[in-house]
Amino acid sequence: MNKKIAILNGDGIGPEVTAQSIKILKAIAAQYNHEFTFHEALIGADAIDKTGSALPEETIDTCLDSDAVLFGAVGHPKYDNDPSAKVRPEQGILGIRKALQLFANIRPITTYPSLQHLSPLKAKQLEGVDCIIFRELTGGIYFGKKQTSEDGTYASDECSYSKEEIERIAHLAFQYAQKRKKKVTMVDKANVLDTSRLWRKTVQAIALQYGDVTVDYMFVDNAAMQLILNPKQFDVILTENMFGDIISDEASVLSGSLGMLPSASVGNGTALFEPIHGSYPQAAGKDIANPLGSILSAAMMLDHFGLTEEAKVIRDAADWTLQNNFVTKDIDPVNFYFTSTIGDLIADYVSGKIPGSVKKENIELRKSTII
Ligand code: IPM
Ligand code: MN
């Protein structure tokens, strides 16, 4: 299979985690006879520094001309602390989501037995947790009209949704649920917001077309609590843009580290794959960030291409590193391996070089980066 992949490294740890995914995708291409070509383009603070814009036209063109986009992260502290900045790195990711019409952001929440001790929740609550968040990504308060009065003492952000915007992601969520535990939980604030009432009405109508899927409706404040109290109850969570942003960070604590979680953003054309973690500027350039969020996003990309066997071998490799304690500093602050070492191990695994013929001791001798 021939695929053109746009690479948007972005800021902070973006370039170093994305480099691991590229290494692994190259190993997959060699092993399974595919041809992947990679095309870098600028985004975020990096793009602002070099071009003045967080999302240069050229970047949009490169993405539109590719089969998929692998995205790193955007964000820089110099903008976080300056609310008056007119150009912001986040405009890069928001802009590319809009330009590619990526209306659904899919965030699987997986728990790993070997990481349960990292979660603030008790092991008993984490067993069997396996849910997936479908977050609407191109509408709602993120993209509504924004205003600040001349004198700077008043501001507003509009939240709006159309029936069509709700329907297209709802269908995806229901179809996904049919392949899983057949349950959709719609999260909204229908006791207060008109947009949420439209979501509920629209989803109730769509649910009739999916008789085999159970649906329940939950207010977002309750859902935030239920995710911690009893996360096992969830299968597919369907929600609007802002609620999805908030609850997906909350749900990440179930897996033990935000650094582990991948996501896929899909629309009608080119899809984009990105870890849900941010640019983590404190770790940038230190080779200590967890690359699994990006690597598992690359696996989601392969699934999207229909390369399910290739995607599975990457997930197996990631599981293997966790089971054998080849982990980054976020997971084991004392005996940790570098970002690039985890990338090398997973690339070797998908190339069939490990675990078969090589013992753990040998890997440690060859790759050990323990500090
Ligand atoms: C995310 C991020 C973005 C968002 C930011 C960087 C604009 O938090 O992908 O969840 O809010 O969507
Ligand atoms: Mn977020």
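As the structure is a prediction and not an experimental result, all values here were calculated from the model.

Some words on the overall build of the protein chain
A tally of regular secondary structure across the protein chain gives 14 helices and twelve strands. By the compact-globule yardstick of 21 Å for 371 residues, the protein chain fits well, its C-alpha radius of gyration being 21 Å. Expressed as lengths along the three principal axes of its C-alpha atoms, the size of the protein chain is roughly 60 × 50 × 40 Å. In the protein chain, the proportion of contacts linking residues at least 24 apart, taken out of those at least 6 apart, comes to 75%. Accessible area for the protein chain stands at about 16100 Å²; split by element, carbon and sulfur atoms hold 52% of it. Within the protein chain, one finds 37 positive and 47 negative side-chain charges whose respective centroids are separated by 4 Å.

Focus on the pattern of salt bridges
Side chains bearing opposite charge may pair, as long as their charged atoms lie close to each other. Applying the stated rule across the entire model yields 17 salt bridges. With a closest N to O distance of 2.8 Å, Asp 235 and Arg 180 form a salt bridge. Taken together, the positions of Asp 235 in the loop between helix H9 (220-229) and strand S10 (236-239) and Arg 180 in the loop between helix H7 (163-178) and strand S8 (183-188) put the pair 55 residues apart, joining distant regions of the chain. Residue classification places Arg 180 among the partly exposed positions, given a relative accessible area of 23%.

A look at the site of ligand 1
Around ligand 1 sit Glu 90, Arg 97, Arg 107, Arg 135, Tyr 142 and Asp 245, and that is every residue in its neighbourhood. In the environment of ligand 1, an oxygen atom lies 3.0 Å from a nitrogen or oxygen atom belonging to the side chain of Arg 107. Arg 135 is positioned such that a nitrogen or oxygen atom in its side chain is 2.8 Å from an oxygen atom of ligand 1. Expressed as a share of its isolated accessible area of 320 Å², the protein-covered part of ligand 1 is 77%. Comparing atom positions with the cavity grids shows ligand 1 to sit within the second largest pocket. Each residue belonging to the shell around ligand 1 can be placed in one class, and the counts come to one nonpolar, no polar and five charged.

Remarks on the nonpolar core
One finds Leu 238, Leu 292, Leu 302, Ile 314 and Ile 346 to be the most contacted residues of the largest nonpolar core, which totals 68 residues. If you tally residues by element for this core, the top one is helix H11 (residues 292-304), at eight residues. Mapping this core onto the domain boundaries places at least three of its residues in each of domain 1 (2-119 + 256-362) and domain 2 (159-255). For Ile 346, the contacting residues outside a window of four places in its chain are Ile 24, Leu 292, Ile 295, Ala 317, Ala 318 and Thr 321.

So, the packing of H11 against helix H12 (residues 308-323)
To characterise two packed helices, one gives the angle between the axes of the helices and the distance between these axes. For the pair H11 and H12, interaxial distance at closest approach is 7 Å and the crossing angle is 160°. Considered as vectors, H11 and H12 are oriented roughly antiparallel to each other. Two packed elements cross with a definite hand, and for H11 against H12 that hand is left-handed. Only Thr 308, Glu 310, Ala 311, Ile 314, Arg 315, Ala 318 and Leu 322 of H12 make contact with H11, whose side of the interface consists of Leu 292, Ile 295, Leu 296, Ala 299, Met 300, Leu 302 and Asp 303. Partitioning the contact of H11 with H12 into residue classes produces ten nonpolar, one polar and three charged.

Quick look at unusual backbone geometry
The amide bond that connects Ile 354 to the next residue, Pro 355, takes the cis arrangement and shows omega of 5°. Positionally, Pro 355 belongs in the loop between helix H13 (339-350) and helix H14 (360-367). The phi angle at Tyr 280 is positive, at roughly 40°, despite the residue not being glycine. Its location among the elements puts Tyr 280 in the loop between strand S12 (271-273) and H11. Take Tyr 280: its relative accessible area is 44%, and that puts it in the partly exposed class. Phi at Asn 325 is positive, roughly 60°, even though this residue is not glycine. Secondary-structure assignment places Asn 325 in the loop between H12 and H13. For Asn 325, a relative accessible area of 48% translates into the label partly exposed.

Description of empty space enclosed by the protein
A complete count under the given rule lists one cavity of 30 Å³ or more for this structure. When its volume is computed, the largest cavity comes out at roughly 30 Å³. Around the largest cavity, the lining residues are Asn 290, Leu 292, Leu 322, Phe 326, Val 327, Thr 328, Ile 331 and Ile 342. Across the lining of the largest cavity, the residue classes tally to six nonpolar, two polar and no charged.

Some details on the domain arrangement of the protein chain
The domains assigned to the protein chain are domain 1 (2-119 + 256-362) and domain 2 (159-255). A C-alpha centroid distance of 26 Å is found between domain 1 and domain 2. Between domain 1 and domain 2, the contact holds 15 residues from the first and eleven residues from the second. In this assembly, domain 1 and domain 2 are joined by four residue pairs in polar contact (both at pLDDT 80 or more). No other element matches strand S4 (residues 104-110), which puts four residues into the side of domain 1 that touches domain 2. Of the residues contributing to the side of domain 1 that touches domain 2, the split by class is nine nonpolar, five polar and one charged.

Details of the layout of surface pockets
The volume enclosed by the largest pocket comes to roughly 770 Å³. Taken together, the residues of the lining of the largest pocket break down into 20 nonpolar, six polar and six charged. Counting residues domain by domain, the lining of the largest pocket receives three or more from each of domain 1 (2-119 + 256-362) and domain 2 (159-255). Volume-wise, the second largest pocket comes out at about 490 Å³. Forming the boundary of the second largest pocket are 24 residues, of which Val 74, Glu 90, Ile 93, Ile 276 and Gly 278 lie nearest the centre. Those elements that place two or more of their residues in the lining of the second largest pocket are strand S3 (68-73), helix H5 (90-99) and helix H10 (241-255). At four residues, H5 tops the list of elements feeding residues into the lining of the second largest pocket. Class assignment for the residues of the lining of the second largest pocket results in ten nonpolar, six polar and eight charged.

Here is what the cut-offs are and how they apply
Residues numbered from 1 in each chain as written. Chains lettered and ligands numbered in written order. Predicted model: local features only at pLDDT ≥ 70, side-chain atom pairs only at ≥ 80, totals over all residues. Heavy atoms only, no water. Helix = DSSP H or I, 4+ residues; strand = E, 2+ residues; numbered from the N terminus. Rg over C-alpha atoms; globule rule 2.2 N^0.38 Å. Contact = heavy atoms within 4.5 Å. Areas by Shrake-Rupley, 256 points an atom, 1.4 Å probe, with all protein chains shown as cover. Lys, Arg positive; Asp, Glu negative; His and termini not counted. Charge placed at Lys NZ, Arg CZ, Asp CG, Glu CD. Salt bridge = Lys/Arg side-chain N within 4 Å of Asp/Glu carboxyl O. Buried < 20%, exposed > 50% of the residue type's maximum accessible area, 1.4 Å probe, protein only. Near = heavy atom within 4 Å. Polar contact = N/O pair within 3.5 Å; in protein donor to acceptor, adjacent residues only side chain to side chain. 1 Å grid on protein atoms, 1.4 Å probe; cavity = no way out; pocket = protein on both sides within 12 Å on 5 of 7 lines; lining within 4 Å. Sits in = over half its atoms within 2 Å of the grid points. Nonpolar A, V, L, I, M, F, W, Y, C, P; charged D, E, K, R; others polar. Core = buried A, V, L, I, M, F, W, Y, C linked by side-chain atoms within 4.5 Å. Domains from an automatic or database assignment. Axes fitted to C-alpha atoms, helices over the stretch in contact; angles between N-to-C directions. Parallel < 35°, antiparallel > 145°, perpendicular 65-115°, else oblique. Left-handed = near helix turned anticlockwise from the far one by under 90°. Points joined across faces, edges and corners; volume = space filled by probe spheres on them.

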